[in-house]
Amino acid sequence: MLSLSRISKSFEVKDGVYQAVDSVTLEVEKGSIHGIIGASGAGKSTLLRLINLLERPDEGSVILNGREMTVLPEKLLRQERQKIGMIFQQFNLVANVSVSRNVSIPLELAGVPKRERTERVEECLRFVGLADKAGQYPAQLSGGQRQRVAIARALANHPGLLLCDEPTSSLDPATTTEILGVLKHINEKLGVTIVIVTHEMDVVKRLCSHVSVMEDGRIVDTFSRADGEFLPAASSSGSYREQILGKAREDYA
Amino acid sequence: MLENAFKYQEQMWQSIGETFVMVGISVGAAVLLGLPLGTLLYFCRKGQLYENKKLSLVLNTLVNIVRSFPFLLLVVAMIPVTRLIVGTAIGTIAATVPLSIVAIAYYSRLVEQALLEIPRGTTEAALSMGASRLGLIFKFLYVEARSGLVLGLTTSTISFISFSTVMGVVGGGGVGDFAIRYGYQRYETEVMAYAIVVMIVLVQIVQFSGSTIARLLDKK
């Protein structure tokens, strides 16, 4: 459903040019949960932002559902973005409006009439288990609850694709489990394809059907759970690549 | 002694009215033009969404020039412009022209600062859900910055009250002019003190209202 082909992005920094993403080619299958793992600075968050063109690629193409995104005029791009949900490490909710208004904003932007909006907001909040918090403000919620509001907000416009940027990195282990559960549920129940960027091997092992390892702006390997290339298990140490491969070999042996 | 202070009560009411007109119009100008200008200053800054070095330089220079004028000189220097806009350079309405110019420049800076307080992620979230430029501004930025915007307007209003006190030079009137003409120049200290008390009360009311509104708007 999503394919990135030879996509690159560099930034100008003080002492020259920093190549954040270097000619990455990636296929994300419909209905999959595709993890992108790597150390900080590997370019994974930039790669995620290239998918919905929050960052413009220097070269390469982004094809979503057969549509080349990079050539879309501003207005069509905005409409496409409305069908791509995104959640963040810092949740990025609007702090000055209530939980239900937060979920309502993407619907307002898409021009959904008020009555439908009210229904959809309720539906989304029920889905993430926060129907009772509709009238509260983000500051009154815990981190996990805020991330669930962000998920509800991302789901409001019935996206086919959900982009997750380190969604559990500022949460404790129990809350991480809770959020991973919600993401899995979204994937299984609503058929939403998920691309998730993380530096936590545990997240990949528990959630992902595919994983790509990123180093210095490049994707160095991609594994698929269906092919038995990596298995869910507690991880140990070593590089991300070794953790995935090493574990797999042990289990085969 | 007290009755001495109140003996020009009629003129005092008129002066308060003039102050309200001058400050009211300049607050209006600050909101209608200073808010968009401040938003533009914010967007054009280095590292912001619509980074634009040239426009940023032009706008910053203009805003700084207006703000660096000693206000009295700005009033005098603007007389031809004032005459062009309102037909006369004398009187309360004429006085609102230079006051509004300063108001716009002054408030735009505070708007820019309030917007800079918003975390980057808010803009990113807005764009990720397909917000248009106006959607981003009205549904995200102004909502998140609203307490700062109100506090900035409060500070501005108090400055405008202070600026309005020198408007006597172009016949603008106002409480400050009253204090100078009836109190200071006629050696009627009680009248002058009374006018100053009126100013103090005005400023207190504005600050209290502004702070209260800002607090009620802040849900962070």
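Residues numbered from 1 in each chain as written. Chains lettered and ligands numbered in written order. Predicted model: local features only at pLDDT ≥ 70, side-chain atom pairs only at ≥ 80, totals over all residues. Heavy atoms only, no water.

### A few points about the confidence of the model for chain B
All names here are of chain B.
Piece 1. Taken as a whole, chain B shows an average pLDDT of 94; of its residues, 100% reach a score of 70 or greater.
Piece 2. Ranking the elements of chain B by mean pLDDT puts helix 1 (residues 2-5) last, at 80, and helix 8 (residues 133-164) first, at 97.
Piece 3. Reported confidence for the predicted complex is 0.89 by ipTM and 0.90 by pTM. (pLDDT = per-residue confidence, 0-100. Helix = DSSP H or I, 4+ residues; strand = E, 2+ residues; numbered from the N terminus.)

### Quick look at the packing of aromatic side chains
Residues and elements named next belong to chain B.
Piece 1. Applying the stated criterion to the full structure yields eight aromatic pairs over all chains.
Piece 2. Between Tyr 8 and Tyr 182, the aromatic rings sit 4.8 Å apart at their centres with planes inclined by 55°, giving tilted as the arrangement. Placement of the pair is Tyr 8 in the loop between helix 1 and helix 2 (9-44) and Tyr 182 in helix 9 (residues 175-184), with a sequence separation of 174 residues.
Piece 3. A relative accessible area of 13% places Tyr 8 in the buried class. (Phe/Tyr/Trp six-rings, centres within 6.5 Å; stacked < 30°, edge-to-face > 60°. Buried < 20%, exposed > 50% of the residue type's maximum accessible area, 1.4 Å probe, protein only.)

### Concerning the sheet that holds strand 3 (residues 33-37) of chain A
All names here are of chain A.
Piece 1. Within the open sheet, the six strands sit side by side as 6-7-8-3-9-10. Their pairing is mixed. The open sheet has two edge strands, strand 6 (84-87) and strand 10 (218-224), and neither has a second partner. Across this sheet, the average inter-strand angle for adjacent strands is 15°, counted without regard to direction.
Piece 2. As paired strands, strand 3 and strand 9 (residues 210-215) are joined by four bridges and run parallel to one another. (Pairing = 2+ DSSP bridges. Axes fitted to C-alpha atoms, helices over the stretch in contact; angles between N-to-C directions.)

### Considering helix 6 (residues 92-116) of chain B
All names here are of chain B.
Piece 1. In this model, helix 6 (25 residues) spans 36 Å end to end at C-alpha, consistent with the 36 Å of a helix rising 1.5 Å per residue.
Piece 2. Taking the largest bend as the criterion, helix 6 deviates by roughly 25°, centred on Pro 98.
Piece 3. The element helix 6 is largely enclosed, with a buried count of 20 among its 25 residues. (Expected span 1.5 Å × (residues − 1). Bend = angle between axes of the 7 residues up to and from the residue.)

### A closer look at the interface of chain A and chain B
Piece 1. Across the boundary between the two partners, chain A contributes 23 residues, which contact 20 residues of chain B.
Piece 2. Roughly 1,900 Å² is buried in total at the junction of chain A and chain B, and carbon and sulfur atoms are behind 60% of that figure.
Piece 3. Counting across the chain A and chain B interface gives two salt bridges.
Piece 4. Arg 49 of chain A is the salt-bridge partner of Glu 124 of chain B, the closest N and O atoms lying 2.6 Å from each other.
Piece 5. In this assembly, chain A and chain B are joined by eight residue pairs in polar contact (both at pLDDT 80 or more).
Piece 6. Mapped by element, the contributors of at least two residues to the side of chain A that touches chain B are helix 2 (74-81), strand 6 and helix 3 (99-109) of chain A.
Piece 7. For the side of chain A that touches chain B, the leading source of residues is helix 3 of chain A, giving five residues.
Piece 8. Looking at the side of chain A that touches chain B residue by residue, the classes come out as 13 nonpolar, four polar and six charged. (Contact = heavy atoms within 4.5 Å. Buried area = accessible area lost by both parts, 1.4 Å probe. Salt bridge = Lys/Arg side-chain N within 4 Å of Asp/Glu carboxyl O. Polar contact = N/O pair within 3.5 Å; in protein donor to acceptor, adjacent residues only side chain to side chain. Nonpolar A, V, L, I, M, F, W, Y, C, P; charged D, E, K, R; others polar.)

### Topic: empty space enclosed by the protein
Piece 1. Counting across every chain of the model gives two cavities of 30 Å³ or more.
Piece 2. Roughly 90 Å³ of volume is contained in the largest cavity.
Piece 3. Contributing to the lining of the largest cavity are Arg 81, Gln 82, Ile 84, Gly 85, Met 86, Pro 106, Arg 153, Ala 154 and Asn 157 of chain A together with Ser 128 and Met 129 of chain B.
Piece 4. Listed by contribution, the elements that provide at least two residues to the lining of the largest cavity are strand 6 and helix 5 (143-155) of chain A.
Piece 5. The dominant element in the lining of the largest cavity, judged by the number of residues it contributes, is strand 6 of chain A, at three residues.
Piece 6. Put simply, the second largest cavity is a space of about 30 Å³.
Piece 7. Lining the second largest cavity, in full, are Val 75, Ile 79, Thr 82, Ala 89, Ala 94, Pro 98 and Val 170 of chain B.
Piece 8. When contributions to the lining of the second largest cavity are tallied by element, the ones reaching two or more residues are helix 5 (79-86) and helix 6 of chain B. (1 Å grid on protein atoms, 1.4 Å probe; cavity = no way out; pocket = protein on both sides within 12 Å on 5 of 7 lines; lining within 4 Å. Points joined across faces, edges and corners; volume = space filled by probe spheres on them.)

### A closer look at the packing of helix 3 (residues 53-68) of chain B against helix 6 of chain B
Residues and elements named next belong to chain B.
Piece 1. With their axes 9 Å apart at the nearest point, helix 3 and helix 6 run at an angle of 120° to one another. Between helix 3 and helix 6, the angle is such that the two are oblique. Crossing hand, helix 3 versus helix 6: left-handed. Two secondary-structure elements touch here, helix 3 through Asn 60, Val 63, Asn 64, Val 66 and Arg 67 and helix 6 through Ile 101, Val 102, Ala 105, Tyr 106, Ser 108 and Arg 109.
Piece 2. When its residues are assigned to classes, the contact of helix 3 with helix 6 shows six nonpolar, three polar and two charged. (Parallel < 35°, antiparallel > 145°, perpendicular 65-115°, else oblique. Left-handed = near helix turned anticlockwise from the far one by under 90°.)

### Examining the UniProt feature "domain: ABC transmembrane type-1" (unreviewed entry) in chain B
Piece 1. In the numbering used here, UniProt assigns the "domain: ABC transmembrane type-1" (unreviewed entry) feature to residues 16-209 of chain B.
Piece 2. Across residues 16-209 of chain B, the secondary structure splits into 81% helix and 0% strand, with the terminal C-alpha atoms separated by 19 Å. (UniProt positions renumbered as here; feature names shortened; annotations may be inferred.)

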